[in-house]
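Each chain, written out:
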Amino acid sequence: MPSQPIQYLKIAVPTPLRRLFTYTSNQSLSEQAIGCRVWVPFGRRRLLAVIAAETSTNTPNGVKLKSIEEVIDREPLWPKELWAMLNWAAQYYQHALGDVLNTAMPALLRQGKAAEYPSQLIWSLTPEGEHVDLTSLQRAPRQRAIMQALQQSELSDTALREQFPGCSEVIKKLSSRNWLQTYEQKGQADIWQGDGEAGPDLNAEQKSAVNSITDSLGQYKTFLLEGVTGSGKTEVYLHTIEACIKQGRQALVLIPEIGLTPQMIQRFSKRLGCRIGVLHSGLSDSERLHTWLAARCGDLDVVLGTRSAIFTAMKDIGLVIVDEEHDASYKQQDSFRYSARDLAIWRASHNNAPIVLGSATPSLESLSNVQQGRSNLLTLKQRAGNAKPPQLKLLDMRSQPIDEGLSDRLVQVMKTHLDNNQQVLLFLNRRGFSPTLMCHDCGWIAHCPRCETNMTYHQIDKRLRCHHCGSERRADHTCGDCQSENLLNIGAGTERIETALQKRFQDVDVIRIDRDTTRRKGSLEKLLQKVQAGQRQILIGTQMLAKGHHFPNVTMVGIIDADQGLHSPEFRAPERMAQLILQVAGRAGRAEQPGEVYIQTHHPDHPQVLTLIQSGYPEFARQLLAERKEVGLPPYTAMAIFRAEAVDRHSAQDFLQQIRQCLAPLANEQIQLYGAMPAPMEKRAGRFRAQLIVQASSRAKLQAFLARGLEHIENLKAYKVRWSLDVDPIDTY
Ligand code: ADP
Ligand code: ZN
Ligand code: ZN
């Protein structure tokens, strides 16, 4: 028997190394094998990897190659389009392909589970069976028991046979009486069969937006749908999705982590008459796998999911929607640092599909794309239905009486709304009781031993916690320097405001919503239900309150501290601050009553604050864009950050200095290097951090530069240093 020629394959192995590894295979694998999973020996380990390319059949000189142990898949895991995107993303984000592919796989596939979509038989009652009077089955107790069980709920074949061992004959009998029926259910995918109910009639703006989008079904076109909260963006999504499904294609809808509420899922499944799959972090591994497989084989019409849903294999994408496109949760912040929004644009363009980026407060990136003619702006100016837009008012805090963070004016207005039996929402993006515990005698401050920051005091358990690294200890009773007992809590977090409100408004329910009050599973839902059902309540919370939720009875919003974003070294801080303020403001007056929004500030004359209040977000954003252009910041330039951290003070910065030396000879006037320098918070979780910023005149220039630079950098020895590269970072932290 002639022996098979040995084949050489390039394998993407999940390691941080940005290169492929050559293995041999004694099975002959066709072109089709690219994208299939394999088990390979790697060092002393056995790793799940992916065939990335076939290579020449010449034995590389003098290298003893290892052989693939096992080919797992018979066909590529990813459709061509998604495979191309993943390869593109590995290059664009300068990340190891093996690790990119690993990130893009549902967990069970990563463990080597078969990519098969199992189906099962489901038993239920026929309409006739439903009307059977069970007392008539007195003499046939087994028939009766099965009928009774199925009256309660349908059962899978396995479940039925488990519950009623040896029931085949009985089932046959019941079936022959035409009481039972079966259907085949595929997998345990989280599939919602939508009801397809009609929604409200669209207003003129909505109609025109829907028309523009549906007119471009079948071709790639980017739309920015700008509309204040409550202006009916979701209705626009629903109509365009319907049109896409009618053409027999699939829609991919991305929602920020916190926006994917049960209400949202219900709204989609009520309105769309099609099969909807939902992908979010709350799924079990097998649910996630099955939904992924269902989408891949075309059993889903709509995939609705958070960031990583961008990696869903789909048969035929006809429309992509990214809701709240400015939201930071679309950017993965560790390991493979991709932007799901940007990958969504890639997918739309390679599927000849329109993409809709929706937001009340679009990112400056998306606005500049509109300015440069790369994206089409659709605006919804009116609030849908009868809701009136909230009015924003500044509360000048300078030399005003303030008690526990609340000015007298704010309290006055709150009283008026509460007296009218309405709800008030207060926003403060800082949890805990107070951010600083200080000695009144000597000025000592309780610091985190592992970070360069203060510990936050939590009154409920009298503990100090670091919100950056999680370390905690019992709160000090005495000063760490002078042993004085005269310790002060400086500043206020949500816990402190809650306590103050309870004292001031003794007959009003105060509900606090932040990470501390919602740790237990289901507790957020419980609190939200309490708010939905109640009147005359005060809600106090962090940005958990700002997004996604609908509070029809809230007529007043108070922003307790608008100044947080004004003094940050982070160049995106003003943009974030404005987005957050408007998002919180959007919670007010969503129903029939108009809302009022009060913003406490010590900088009522700050030009950015004034523009936002007087002229609104579009003008505010236009000014910020002009500033960014002037100083050459993104989106007018492209940025990447090398970050490094080490246990000792100098290694990280020294290492980045070496990177700089590798890069410097390649730089030209289109490329600028800043650093190596300490990170804004130099010490965090016991490690010293440094950064090196690369800024280029365009993304293409940045790409080419990084690709060349990394070849040199890979050879550096990162001794005791952890380092990473972040392309298009969303913060310079
Ligand atoms: P957004 O997504 O912009 O926040 P939604 O689509 O959720 O806005 O709409 C806000 C509310 O207004 C929802 O309750 C929605 O059902 C309702 N709504 C949307 N469009 C209309 C319309 N044309 N007529 C009446 N009500 C509408
Ligand atoms: Zn002291
Ligand atoms: Zn810490």
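Use the structure listed above.
The rules we used
Residues numbered from 1 in each chain as written. Chains lettered and ligands numbered in written order. Predicted model: local features only at pLDDT ≥ 70, side-chain atom pairs only at ≥ 80, totals over all residues. Heavy atoms only, no water. Pairing = 2+ DSSP bridges. Helix = DSSP H or I, 4+ residues; strand = E, 2+ residues; numbered from the N terminus. Axes fitted to C-alpha atoms, helices over the stretch in contact; angles between N-to-C directions. Contact = heavy atoms within 4.5 Å. Expected span 1.5 Å × (residues − 1). Buried < 20%, exposed > 50% of the residue type's maximum accessible area, 1.4 Å probe, protein only. Parallel < 35°, antiparallel > 145°, perpendicular 65-115°, else oblique. Left-handed = near helix turned anticlockwise from the far one by under 90°. Nonpolar A, V, L, I, M, F, W, Y, C, P; charged D, E, K, R; others polar. Core = buried A, V, L, I, M, F, W, Y, C linked by side-chain atoms within 4.5 Å. Donors = N, O, S within 2.8 Å, 3.2 Å for Na, K, Ca; no water. Tetrahedral: all angles 85-135°; square planar, octahedral: opposite > 155°, others 65-115°.

**Q** How would you sum up the sheet that holds strand β31 (residues 671-684)? Please name residues and give values.
**A** The sheet built from 4 strands is open, its strands ordered β31-β32-β30-β33 with antiparallel pairing. Two strands in the sheet have a free side with no partner beyond their single neighbour: β31 and β33 (722-727). Going across the sheet, the axis of each strand differs from the next one's by a mean of 20°, ignoring polarity. Note that strand β30 (residues 638-646) and β33 share 6 bridges and pair antiparallel. Looking at the pairing, F642 lines up with L725 of β33. Along the sheet, helix α20 (residues 651-663) contacts β30, β31, β32 (687-696) and β33; its crossing angle with β31, the most-contacted strand, is approximately 170°. Along the sheet, helix α21 (residues 699-713) contacts β30, β31, β32 and β33; its crossing angle with β30, the most-contacted strand, is approximately 30°.

**Q** Lay out helix α11 (residues 285-296) in plain terms, naming residues and giving numbers.
**A** Taking 1.5 Å per residue as the helical rise, α11 with its 12 residues ought to reach 16 Å, and the 17 Å between its terminal C-alpha atoms agrees with that figure. Within α11, 9 of the 12 residues are buried, which leaves the element mostly enclosed by the surrounding structure. Within α11, burial applies to R288, L289, H290, T291, W292, L293, A294, A295 and R296. On its buried face, α11 is in contact with α2 (97-104), α3 (107-110), β9 (191-193), β11 (250-254), β12 (275-279) and β13 (302-305). Just downstream of α11, G298 is the residue with a positive phi angle, here 85°.

**Q** Could you give an account of the packing of helix α1 (residues 80-92) against helix α12 (residues 340-350), with specific residues and numbers?
**A** Where α1 contacts α12, the axes come no closer than 10 Å and their chain directions differ by 140°. Accordingly, the angle class assigned to the pair α1 and α12 is oblique. Crossing of α1 over α12 shows right-handed handedness. Side by side, α1 and α12 meet where E81, L82, A84, M85, W88 and A89 of the first sit next to L343, W346, R347 and H350 of the second. A breakdown of the residues in the contact of α1 with α12 according to their chemical character gives 7 nonpolar, 1 polar and 2 charged.

**Q** Could you give me a rundown of the nonpolar core, with the residues and numbers involved?
**A** Counting residues in hydrophobic clusters, the biggest one holds 93 residues, and the most contacted among them are W78 and F642. Of the residues forming this core, the biggest block, 7 residues, is contributed by α1. Within the second largest apolar cluster, 31 residues are counted, among which are I213, I241, I255 and V356.

**Q** Kindly report on the coordination of the zinc ion (ligand 2), identifying the contributing residues and their values.
**A** Between any two of four tetrahedral donors, the ideal angle at the metal is 109.5 degrees; between two of six octahedral donors, it is 90 or 180 degrees. Looking at the zinc ion (ligand 2), the protein donor atoms are C439 (SG), C442 (SG), C479 (SG) and C482 (SG), and they sit 2.2 to 2.3 Å from it. Taken together, the 4 donor atoms coordinating the zinc ion (ligand 2) span angles of 102 to 115° at the metal, a pattern that classifies the geometry as tetrahedral. Counting residues between consecutive donors of the zinc ion (ligand 2) along the chain gives the motif C-x2-C-x36-C-x2-C. By relative accessible area, which is 39% here, C442 ends up partly exposed.

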